[in-house]
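Reading the structure
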Amino acid sequence: MAANAWFGRRLTGGAMRAALREHRRANARKRALTRDVARLMLVASVLVLGVLAVEIGRKAVTIISHGATQNSVELTG
């Protein structure tokens, strides 16, 4: 049992409902903030993955083009 459990029992009906309502509102604000942070992290991670995909693609094109130039050299003798 919590140290302040006695407090809840001594409130009148209206005060109890008001306290519960305020508690629910506080929890709703916390959940909304948590959702916003999660959305922000999702957007940031998608952007990072997009940048990594572009950089990997650029590196692949560079490697392929370097390989193509080395193979195109003709030896005459």
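A brief look at the structure comes next. For clarity, every value in this text was computed on a predicted model and none was experimentally measured. (Residues numbered from 1 in each chain as written. Predicted model: local features only at pLDDT ≥ 70, side-chain atom pairs only at ≥ 80, totals over all residues. Heavy atoms only, no water.)

Okay, the overall build of the chain next. Within the chain one finds two helices and zero strands. Every one of the 77 residues in the chain was classed for burial, and the buried ones make up 0%. Summing over all exposed atoms, the chain offers an accessible surface of approximately 7,100 Å²; the carbon and sulfur share of this is 66%. (Helix = DSSP H or I, 4+ residues; strand = E, 2+ residues; numbered from the N terminus. Buried < 20%, exposed > 50% of the residue type's maximum accessible area, 1.4 Å probe, protein only. Areas by Shrake-Rupley, 256 points an atom, 1.4 Å probe, with all protein chains shown as cover.)

Right, let's get into a positive patch on the surface. A surface patch of positive charge is lined by Arg17, Arg21, Arg24 and Arg25. By the secondary structure assignment, Arg17 is in helix α2 (residues 13-71). (Patch = residues over 30% accessible without salt bridge, like charges linked within 9 Å, V, L, I, M, F, W, Y side chains within 5 Å. Salt bridge = Lys/Arg side-chain N within 4 Å of Asp/Glu carboxyl O. Lys, Arg positive; Asp, Glu negative; His and termini not counted. Charge placed at Lys NZ, Arg CZ, Asp CG, Glu CD.)

The final tally for this structure, using the stated rule, is three salt bridges. The closest approach of N and O atoms between Glu55 and Arg58, which form a salt bridge, is 3.2 Å. Taken together, the residues Glu55 and Arg58, both in helix α2 and three residues apart, mark about one turn of the helix. Looking at Glu55, the relative accessible area reads 40%, which means it is partly exposed.

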